[in-house]
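Here are the chains, one letter per residue:
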Amino acid sequence: YYRNQINQKVSGSVDFNKKTFQMRDLLHSRYAGAYSGRILDGFKTMRGIFLMDVGNKRFRFYLKKK
């Protein structure tokens, strides 16, 4: 869980046939980076990797629609 939520504008693409996505943060901050992953469970779940621009740190993420 994030300690502090931030809002970030992103740009990217979704391949609905392969159920994959790629996004990049548009606002420059120390937390900016790129996201890539898969869409699962009838488009209710997103799972992937976030790669921060600063330090090339990698984080796994899992988002589920309520």
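Right above here is the structure, for reference.
First things first, this report covers the structure right here in the doc. (Residues numbered from 1 in each chain as written. Predicted model: local features only at pLDDT ≥ 70, side-chain atom pairs only at ≥ 80, totals over all residues. Heavy atoms only, no water.)

**Section: the packing of aromatic side chains**
Put simply, the rule is: Between rings of Phe, Tyr and Trp, where Trp is taken as its six-membered ring, a pair exists when centres lie within 6.5 Å; planes separated by under 30 degrees are stacked, by over 60 edge-to-face, and by other angles tilted. The numbering of helices and of strands both runs from the N terminus, where a helix is a DSSP run of H or I of at least 4 residues and a strand a run of E of at least 2. Here's how the labels work: a residue is buried when its accessible area is under 20% of the maximum for its type, exposed when over 50%, partly exposed in between, all with a 1.4 Å probe on protein chains only.
Applying the stated criterion across every chain yields a total of five aromatic pairs. Relative to Phe61, the ring of Tyr35 has its centre 6.1 Å away and its plane inclined at 75°; by these criteria the two rings are edge-to-face. With Tyr35 in strand E3 (residues 33-40) and Phe61 in strand E5 (residues 58-64), this residue pair connects regions lying 26 residues apart in the sequence. For the pair formed by Tyr35 and Phe61, the shared burial category is buried. Taken together, Phe21, Tyr35, Phe50, Phe59 and Phe61 form an aromatic cluster joined through their ring pairs.

**Some words on the pattern of salt bridges**
Threshold: A pair is scored as a salt bridge if a Lys or Arg side-chain nitrogen falls within 4 Å of a carboxyl oxygen belonging to Asp or Glu.
The final tally for this structure, using the stated rule, is one salt bridge. Across the pair Asp53 and Arg24 runs a salt bridge whose closest N-O atoms are separated by 3.2 Å. With a gap of 29 residues between them, Asp53 in the loop between strand E4 (45-52) and E5 and Arg24 in strand E2 (residues 20-25) connect regions that are remote in the sequence. Relative accessible area serves as the criterion here: at 41%, Asp53 is assigned to the partly exposed category.

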